[in-house]
Structure formats: structure tokens, C-alpha cells
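Listed below are the residues making up each chain.
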Protein chains: 6
Amino acid sequence: MMSKQAEEFNAYRSKMNEVILEKDNLVLKRLFNLDTQTYQDGALNVKTKEMLGLVASMVLRCDDCIKYHLEKCHNEGCTTEEIYEVFAVANIVGGTIVIPHTRRGAEFWESLTGGK
Amino acid sequence: MMSKQAEEFNAYRSKMNEVILEKDNLVLKRLFNLDTQTYQDGALNVKTKEMLGLVASMVLRCDDCIKYHLEKCHNEGCTTEEIYEVFAVANIVGGTIVIPHTRRGAEFWESLTGGK
Amino acid sequence: MMSKQAEEFNAYRSKMNEVILEKDNLVLKRLFNLDTQTYQDGALNVKTKEMLGLVASMVLRCDDCIKYHLEKCHNEGCTTEEIYEVFAVANIVGGTIVIPHTRRGAEFWESLTGGK
Amino acid sequence: MMSKQAEEFNAYRSKMNEVILEKDNLVLKRLFNLDTQTYQDGALNVKTKEMLGLVASMVLRCDDCIKYHLEKCHNEGCTTEEIYEVFAVANIVGGTIVIPHTRRGAEFWESLTGGK
Amino acid sequence: MMSKQAEEFNAYRSKMNEVILEKDNLVLKRLFNLDTQTYQDGALNVKTKEMLGLVASMVLRCDDCIKYHLEKCHNEGCTTEEIYEVFAVANIVGGTIVIPHTRRGAEFWESLTGGK
Amino acid sequence: MMSKQAEEFNAYRSKMNEVILEKDNLVLKRLFNLDTQTYQDGALNVKTKEMLGLVASMVLRCDDCIKYHLEKCHNEGCTTEEIYEVFAVANIVGGTIVIPHTRRGAEFWESLTGGK
């Protein structure tokens, strides 16, 4: 079952992606497709790639991207302990400036796991 | 006619600029003036400069700056197709990390154009 | 007396720090401790270090970090004139992209000082 | 005629692009193609798009990207006055942190134009 | 056997780390220790953590950090195909601005693997 | 007496500033002036402002800017212990991604102080 926070987040994302894609800009369309393709199973599995996407989003400090990859990581069966090790890498590489984003990420993770 | 979202955004900006400028910090005052001067007609016209300001704001991922330049671009007669080509450059140069800002920019652009 | 904006900000920070720290990730725990230690009195005094933390947070454009250091600077007796000189350095080094964060920082500073 | 600095820069870029592309990573291949496509004539002309790419590269402070777009801008007939207006937008938006990159960009521009 | 490029890189790093650490700044010393600790075996294994460090370094565009993690990844037995999937995530999330760093990373990877 | 590394650095900076300023772009000229003005004695003294400029340059990871402010800090009588406390703030706020820049900064500081 999806959390309320995740639902609202997904609804806005879907609505605006539609607005963007209906403008028929070919570069944006292809980039959106390429984005999906990037995280597919390959030499690295989906779970690893989603954790890569998560840590990249954290050090670049993009709250929406963090939420997006947290949800995917949750779907791939990442444990809380694993997620917090990704958080640790992000905070060490990116510094304390990442902490506020870690707080919001942690809140979103609690909403996905029910705090378990 | 200005959209509600644009109005609120402009009201907050004006109020806080006033708070900042009344503190009489000379460097900030001059930087604010210089900022205005930067986008004036020169070897490049205002429309081109505002698109430059827009793409720079997008890759630096500053939502308020994006809105500011979108409004200026709208005043300069940029078409939706042109704006989406600026969006495309920003997303290719800056990566998918720019997508969430593109969503909010697209929403603001719809509010300016009435989705037309 | 703490402002309402500062109170809410601190409450959320405390609540989420607790959520994070109870996960017992050793790296995050030690980084949080190290963060506190960084701003303690040394060859440079606390006031100077908090201004360093403020300017770093501004050029990296982290609103929560800006608020955090503004509150500390206020506790250390920084004057409005001093804070605006820190704002000036941040805006010159980091560019006009810092202005929206300066607006929100200025608003928070008003809430701490009562606009005095 | 190409400058020596531009020649060396292009030789390294070509050699390493070949190394990267022969690894047959589909995502990277498509991104490289998409990159080329982004700057093609459309609602905005090539010259405008290259200036957009230049200003984005400057505020993100990527020397190689700056050189790449400067060369393209030169091919599109940008004047020195126009390029310096792009430099001005980049330095105002991105701050004095962009100045060292502006110096190296200016040096490269001189090598392209013969300082004329 | 270490490549010449890797050897020179490591020698400079060691020499300067020594200069830094002999100044006895406690915060820097502890951060350096914490950095080492972050990549140790835990819920995630060392190989995964080093790939996380690599992708974070790429989107933040730090050539030295990229080299450092590439060497660690090589020691952990990452294949060229896996490394290029990390490169792909970094370039999609971080955009074409990451390409010049990918070129230098690819060159360093060739020096580690002998291009095999 | 200036170190060789500092001399070469200053010579390139002066030469290229001249190239830039002779192009008579008013915005760039005024920004260069404003930059000088920012670090002048005010509510905060020059030494404090130069340390603010240093920490901002470090977290934004601009080697040339770091060198520039290190030289100014040296002129203002900053001790090695003080400089390393600025380094500590920068590394904690900005993360381990700042370490390579700290190494180069430390090397430059040694060249200014003769390692004393």
C-alpha cells in the first residue's frame, strides 16, 4: 500500500510529466525514455542502480529525486539498514549540507515502511 | 493579466527586496542594480538574454529564478515551443536532476499562458 | 524568546534527527557529533565560525542550513549590519542565484530580531 | 583555421569519446546522440542554442564544456561583444566563482578569434 | 601492478594528506577517519559502497574523487561493463556536464585495466 | 616575499583580467569593482571577510578562488591554526568532495608560509 505522501508526490509528477510530454519536444521525450532505460537490469541489477540514483540525488540535493529513488529502492526490497548506509555515503561525500535532505528523505522512508 | 501564482510570487519578492535594501548594504544594493542592467538590450536583445537567464537558473536549479525569467520571457513574447527548447538544453546539460524544476517551471508557464 | 518560525523549524529538525539517530548508523552518528564539534571555540571564536557556516550554507543554497546558522549567529550577538555583510559576500561569490535564499534568510532574521 | 589550443582539445575529446563509445553502453550512446540533437536548428536557431549551452556551462563551471560551446559559437558567427554579454549573464547569475572560468574562456576565445 | 597515472596520483594524495594531518586539526582528522569507515563492509558490501562513492563523485564532478573510487572499484573486482553502467547513471542524473569527467575517468580506468 | 606558485598564479590572473576588461563590458567591469569592494573593512574586518571568501570558495570548490583568498588571508595575518579551522568548516559543510581542493589549498598555504 502506498503512503499518502507518496501518492500525492506521484500524482503531481504524473500530471506535470503529461503537460511536458504533450508539448512534443523530441529531446525531452527521449531524455525521459532514456531515464527509464538507465535503471533497468543489466551488468548491475535494478536494486543497485536505484541506490546509485539515490546517492546521486542526495549529493545533488534534489528532494523530489530522493523521494523517487527511495520509492523504487523500497519496491526493490532495500532494507532500512541498507538505505541508511546509502544516506551515510551521501552525507560523507556531500557534507552536512545534505543533512536537511536526509531528514526529508528519512521522513519519506518512514512513510513507505510505516517506520518499521 | 497576471496569473495568481505569479502575483503572489511577485508580492513576496517585492516585500523582501524592500526589507533587504532598507538595510543599506552598499554591495547588495549595487548587485541588485547590476542584475537589472545585465538583461538590458545590447549586442544581444532582451529576449535572448532572458532565455540565457532562464537556462542558467534551470541548471543551477533555482525555482524562484526560473519563475522570474519565465515571466520576463513571456513578456518578451517567447513562444511555448521556444521555452521548451530552452528546457531541453537545460535538461541535457544539467541532467535529470533538472526534471523536478522543469515540472514546476512548466506549471508556472501554464499559469502565464493559460496553457495555450 | 524564540520566534514562531524558528520554533517550528527546530521542532521538525529535532524530531527527524531523532528518527535518523535511532537507526544506529555509526557514520551518521559520528558525522552529527563532528558537526557540533566543528563550531566550538578554538583558534577562531564561535561567532566567526558560525558566520563561516552561514556563508557556506548560502553559497550552497541550503535554506535550512541558513536558518540554523542565522539562529546561532543571533545567539552569538551578531548585529544586523554584520549579517548583511555576510549576505553580501555570499551574493557576490555565489551570484544572483543566492538572492532568493537571501530573501528567505532575511525574513528569518527579521523573525529573530523582531525587525530591529 | 583552428587554433593550436582548440586542436589539442578536440583531439583528446575525439580519442576519449571513441574509448567510451566502443564499450557499447546503450544509455551513454543515446545520450551522446541526444546531446548533438539538442543544439540543432528548431524554434530557436543554432546560434541561440549554442549561447544557451555556453551560459549553462559557465554557471556550472565546466571548462571543457565552455570551450566546446565557444568553438560552436565562433562557427555560428557570434561576435566578441555578444560572447562577453553571455559572459556577463553567467558571472551575474553564477557569481565571482565564475571569474576564473571566464578567464580561461576568454583565453580560448582569443585563440579562436586571434584577439580581434 | 599499479599504473603510472595511479601511482603519481596516490603519491601526491599521500604527501598532502600528511601535510594536512600533521597540523593536528581534530575535526579534519576525524573526518578523514570517518571517510575510511564509510566504505567498510556492512549491510552493503564494499564493492557496492565504492560504486556509490564513484557515482556521487561523478555527479559532483570531482576528478580526483572519481579516480580514487575507480581504483577502489578496480580492487573490488568491478568489471568494465559495471563501471560503464555507473558512468551511465552519473551522466543521466548529472547531465552532459559530466561527460568531460567521464572522459578523464575512462582514461584512468583504461590505465587500471590496460584497456581490457 | 611571494612564493613562485603565487607569482605565476597572479601573473596569469592579471593578464587575463586585462584581456577581459579591455572588452569594455560594463556589467563585468562593475562586477569586478564590486568584488573588490565586498572585502573592504566594514562592520566586519578584512580578515574575517577574507575567511568568509575562503570558506565560500572551498565549498564551491574553486581552486583559483581558494588560492586568491588564501593569499589575502596570509596578508591579513591569519595563522595556520586559523586557516585549518576554516578548512575544517569547509570540509564538514561541503563533505569529502572538498578534500582534493583542501590538498591543493594546503600546498599553496605551505608555499605562502614556507611550511612554518
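In the block above lies the structure referred to throughout.
The model shown is predicted, which means the values in this text are computed figures rather than measured ones.

How each quantity is defined
Residues numbered from 1 in each chain as written. Chains lettered and ligands numbered in written order. Predicted model: local features only at pLDDT ≥ 70, side-chain atom pairs only at ≥ 80, totals over all residues. Heavy atoms only, no water. Helix = DSSP H or I, 4+ residues; strand = E, 2+ residues; numbered from the N terminus. Rg over C-alpha atoms; globule rule 2.2 N^0.38 Å. Buried < 20%, exposed > 50% of the residue type's maximum accessible area, 1.4 Å probe, protein only. Contact = heavy atoms within 4.5 Å. Areas by Shrake-Rupley, 256 points an atom, 1.4 Å probe, with all protein chains shown as cover. Lys, Arg positive; Asp, Glu negative; His and termini not counted. Charge placed at Lys NZ, Arg CZ, Asp CG, Glu CD. Buried area = accessible area lost by both parts, 1.4 Å probe. Salt bridge = Lys/Arg side-chain N within 4 Å of Asp/Glu carboxyl O. Polar contact = N/O pair within 3.5 Å; in protein donor to acceptor, adjacent residues only side chain to side chain. Nonpolar A, V, L, I, M, F, W, Y, C, P; charged D, E, K, R; others polar. Disulfide = S-S within 2.5 Å. Axes fitted to C-alpha atoms, helices over the stretch in contact; angles between N-to-C directions. Parallel < 35°, antiparallel > 145°, perpendicular 65-115°, else oblique. Least-squares fit on C-alpha atoms with pLDDT ≥ 70 in both. Left-handed = near helix turned anticlockwise from the far one by under 90°. Phe/Tyr/Trp six-rings, centres within 6.5 Å; stacked < 30°, edge-to-face > 60°. Expected span 1.5 Å × (residues − 1).

Student: Mind showing me how you'd approach the overall build of chain A here?
Tutor: When you go through chain A residue by residue, the secondary structure sums to 6 helices and 0 strands. When the helices and strands of chain A are read in sequence order from the N terminus, they spell out α-α-α-α-α-α. Here the C-alpha atoms of chain A give a radius of gyration of 15 Å, agreeing with the 13 Å that 2.2 N^0.38 yields for 116 residues. Considered along the principal axes of its C-alpha atoms, chain A spans approximately 40 × 35 × 30 Å. Residue burial in chain A is summarised as follows: out of 116 residues, 64% are buried. Pairs at least 24 residues apart make up 60% of the contacts formed inside chain A by residues separated by at least 6 positions. Summing over all exposed atoms, chain A offers an accessible surface of approximately 4500 Å²; the carbon and sulfur share of this is 47%. Side chains of chain A carry 14 positive and 17 negative charges; the gap between the two charge centres is 5 Å.

Student: Would you mind going over the interface of chain E and chain A with me for this structure?
Tutor: Accessible area lost on assembly of the parts is the figure often given for the size of an interface. Contact with chain E, which involves 25 residues of that partner, is made by 25 residues of chain A. The largest contributions to the chain E side of the interface with chain A come from L52(E), E85(E) and I92(E), which together make up 25% of the buried area. On the surface where chain E and chain A come into contact, there are 2 salt bridges. Here chain E and chain A share 6 residue pairs in polar contact (both at pLDDT 80 or more) between them. At the level of secondary structure, the elements contributing two or more residues to the side of chain E that touches chain A comprise α2 (26-38), α3 (46-59) and α5 (80-94) of chain E. By residue class, the composition of the side of chain E that touches chain A is 16 nonpolar, 4 polar and 5 charged.

Student: So what exactly am I meant to see when it comes to the state of the cysteines here?
Tutor: What the rule picks out here adds up to 6 disulfides over all chains. With a sulfur-sulfur separation of 2.3 Å, C62(C) is cross-linked through a disulfide to C65(C). Because the sign of the S-S torsion sets the handedness, a value of about 60 degrees for the bond joining C62(C) and C65(C) places this disulfide among the right-handed ones. An identical accessibility class is assigned to C62(C) and C65(C); each is buried. With no disulfide of its own, C73(D) has C78(D) as its nearest cysteine by sulfur position, at a separation of 4.1 Å.

Student: Honestly, the packing of helix α1 (residues 4-21) of chain A against helix α2 (residues 26-38) of chain A in this entry has me stumped. Any pointers?
Tutor: The description of two packed helices rests on the angle between their axes and on the distance between the axes. Residues and elements named next belong to chain A. Where α1 meets α2, the axes come as close as 9 Å, and the angle between the chain directions of the two elements is 140 degrees. With respect to α2, the element α1 is oriented oblique. Along its contact with α1, which presents N17, I20 and L21, the element α2 presents L28, K29 and F32.

Student: Can you help me understand unusual backbone geometry in this one?
Tutor: Backbone phi values are negative for most residues with the exception of glycine, while trans is the configuration of most peptide bonds. Of note in the backbone geometry, D24(B) takes a positive phi value of approximately 60 degrees without being a glycine. Although it is not a glycine, R61(D) adopts a positive phi angle of roughly 60 degrees. Classification of R61(D) as buried rests on a relative accessible area of 17%.

Student: I tried to follow the relation of the copies chain E and chain B on my own but got confused; where do I start?
Tutor: In this arrangement, two copies of a chain are superimposed by a rotation about an axis accompanied by a shift along the axis. Between the two copies, chain E and chain B, the superposition gives an RMSD of 0.0 Å; the rotation angle is 180 degrees and the shift along the axis is 0.0 Å. Classification of the inter-copy transformation places it as that of a two-fold axis. Minimal C-alpha separation from the rotation axis in chain E is found for G95(E), amounting to 1.7 Å. When the interface residues of chain E are mapped onto chain B, 100% of them again lie at the interface, so the same face is used by both copies.

Student: Help me out: how do you make sense of the packing of helix α5 (residues 80-94) of chain C against helix α2 (residues 26-38) of chain F in this one?
Tutor: With their axes 10 Å apart at the nearest point, α5(C) and α2(F) run at an angle of 145 degrees to one another. The two elements α5(C) and α2(F) meet at a crossing, and its hand is left-handed. Here A88(C), V89(C) and I92(C) of α5(C) lie close against α2(F), whose contacting residues are L31(F), L34(F), D35(F) and T38(F). Tallied by class, residues from the contact of α5(C) with α2(F) come to 5 nonpolar, 1 polar and 1 charged.

Student: Is there a simple way to explain the interface of chain E and chain B in this structure?
Tutor: If you look at the interface, chain E gives 6 residues, while chain B gives 6 residues. Carbon and sulfur atoms supply 55% of the area buried between chain E and chain B, which totals about 430 Å² over both sides. If you sort the residues of chain E by the area they bury against chain B, I92(E), V93(E) and T96(E) come out on top, with a joint share of 70%. Across the chain E-chain B interface, the total number found is 0 salt bridges. Along the contact surface separating chain E from chain B lie 6 residue pairs in polar contact (both at pLDDT 80 or more). Here the side of chain E that touches chain B is composed, by residue class, of 3 nonpolar, 3 polar and no charged.

Student: Any chance you could explain the packing of aromatic side chains here in plain terms?
Tutor: The geometry of two aromatic rings is summed up by the distance between their centres and the angle between their planes. All names here are of chain A. Enumeration over the complete set of coordinates arrives at 12 aromatic pairs over all chains. On the basis of an interplanar angle of 55 degrees and a centroid distance of 4.9 Å, the ring pair of Y84 and F87 is categorised as tilted. Residue Y84 and its partner F87 are both found in helix α5 (residues 80-94); the two are separated by 3 residues, about one turn of the helix. Looking at Y84, the relative accessible area reads 2%, which means it is buried.

Student: In this structure, what is going on with the pattern of salt bridges? I would like to understand it.
Tutor: Within the structure shown, the criterion is met by 48 salt bridges over all chains. A salt bridge links D24(B) to K29(B), with the shortest nitrogen-to-oxygen separation between them at 2.5 Å. D24(B) gets classed as exposed once you look at its relative accessible area, which sits at 51%. For the salt bridge of E82(C) with K47(C), the shortest nitrogen-to-oxygen distance reads 3.0 Å. One end of the pair, E82(C), is in helix α5; the other, K47(C), is in helix α3 (residues 46-59), with 35 residues separating them in the sequence.

Student: Sorry if this is basic, but what is going on with the relation of the copies chain E and chain A here?
Tutor: With an RMSD of 0.0 Å, chain E superimposes on chain A once it is rotated by 180 degrees and translated 0.0 Å along the axis. A symmetric contact is evident, with 100% of the interface residues of chain E recurring at the interface of chain A.

Student: How should helix α1 (residues 4-21) of chain F be read in this particular structure?
Tutor: What sets the pattern is the α-helix's 3.6 residues per turn: residues three or four places apart point alike. Look at α1(F): 26 Å from first C-alpha to last across 18 residues, which is about the 26 Å you get at 1.5 Å a residue. The secondary structure elements touched by the buried residues of α1(F) are α5 (80-94) and α6 (99-113) of chain D together with α2, α4 (63-75) and α6 (99-113) of chain F.

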